[in-house]
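Coordinates in review
One letter stands for each residue in the lines below.
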Amino acid sequence: LAKTTQPISMDSYEGQEVNITCSHNNIATNDYITWYQQFPSQGPRFIIQGYKTKVTNEVASLFIPADRKSSTLSLPRVSLSDTAVYYCLVGDNSNAGNMLTFGGGTRLMVKP
Amino acid sequence: SAVISQKPSRDICQRGTSLTIQCQVDSQVTMMFWYRQQPGQSLTLIATANQGSEATYESGFVIDKFPISRPNLTFSTLTVSNMSPEDSSIYLCSGGQGANTEAFFGQGTRLTVV
């Protein structure tokens, strides 16, 4: 089971780009990288998923280097409403629980 | 996408009693999971709810304490049995299609055991 390491917390200001990096040194060949966002008193919400290189959707971008031992979630022009905990998950579907094992997460605080 | 509803949203229970949490999905999902989350902490996977068979429990969680049912592809229950104050937590249900697709989460059930 690939273990993930993220910064415990980050601060940013409205309008800035935020990059949150996750380390997963023992990622396996079949593992995907998935990011979730969680607001207080809510369940986590899927943000983005990728296997290699770069993935972009309407919310964020995910950058994965060639060795796949880390990944970076990029949030463009954050707003106060982006204040949340962001979780990086690594796993594959061969073991369902493996796919959804949450690490410590990064608590992002966006300031005005 | 899928919408997941959990009931109850919160409860206060006496120690020694049991509480059953219901999880309803608005569409069929291949996989369903149950998590526990202490305030301010990350999620801990309790078990994978398997349709028509016994749930698959993670280390540290046992069926006698957390019996799980999954009678069909849209519904599951988690029972917290013989509760103690240490069981006070937020319990979350999740569902998804697997195959490296996104998972959807309920709003959680905030349980307080007194």
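To start, this report covers the structure provided alongside it. None of these values were measured; they are calculated from a predicted model.

Pairing between the strands of a sheet comes from backbone hydrogen bonds, and it takes one of two forms, parallel or antiparallel. All names here are of chain A. Sheet architecture is open: five strands sit in the order S1-S9-S8-S3-S4, paired in mixed fashion. The open sheet is flanked by strand S1 (9–13) and strand S4 (45–50), the only strands paired with a single partner. Taking the axes of each pair of neighbouring strands and ignoring which way they run, one obtains an average angle of 25 degrees across the sheet. As paired strands, S1 and strand S9 (residues 106–111) are joined by five bridges and run parallel to one another. Note on S9: the bridge partner recorded for Ser12 is Val110.

Formed by 26 residues in total, the largest nonpolar core has its most connected members in Trp34, Ile46, Phe66, Ile68, Leu78, Tyr91 and Leu111 of chain B. Of all the secondary-structure elements, those providing two or more residues to this core are strand S3 (19–25), strand S4 (31–37), strand S5 (43–49), strand S8 (75–80), strand S9 (89–96) and strand S11 (109–113) of chain B. Per-element tally for this core: the top contributor is S3 of chain B, with four residues. Within the second largest apolar cluster, 20 residues are counted, among which are Ile47, Ile48, Ile64 and Val78 of chain A.

The next thing to look at is the state of the cysteines. Residue and element names in this part refer to chain A. Under the definition given, this model contains two disulfides over all chains. Note that Cys22 is cross-linked by a disulfide to Cys88, the S-S spacing being 2.2 Å. Since a negative S-S torsion denotes a left-handed disulfide, the Cys22-Cys88 link at about -80 degrees is left-handed. Linking Cys22 in strand S2 (residues 18–23) with Cys88 in strand S8 (residues 84–91), this pair joins segments that are 66 residues apart in sequence.

Residues and elements named next belong to chain B. Mapped onto the fold, Ser88 is located in the loop between S8 and S9. Of note is the side chain of Ser88, whose polar atom sits 2.9 Å from the backbone oxygen of Pro85. The contacts of Ser88, once residues within four sequence positions are left out, are Gln38, Leu111, Thr112 and Val113.

Definitions and limits used
Residues numbered from 1 in each chain as written. Chains lettered and ligands numbered in written order. Predicted model: local features only at pLDDT ≥ 70, side-chain atom pairs only at ≥ 80, totals over all residues. Heavy atoms only, no water. Pairing = 2+ DSSP bridges. Helix = DSSP H or I, 4+ residues; strand = E, 2+ residues; numbered from the N terminus. Axes fitted to C-alpha atoms, helices over the stretch in contact; angles between N-to-C directions. Core = buried A, V, L, I, M, F, W, Y, C linked by side-chain atoms within 4.5 Å. Buried < 20%, exposed > 50% of the residue type's maximum accessible area, 1.4 Å probe, protein only. Disulfide = S-S within 2.5 Å. Polar contact = N/O pair within 3.5 Å; in protein donor to acceptor, adjacent residues only side chain to side chain. Contact = heavy atoms within 4.5 Å.

Purely geometric stuff here, so don't read any function into it on its own.
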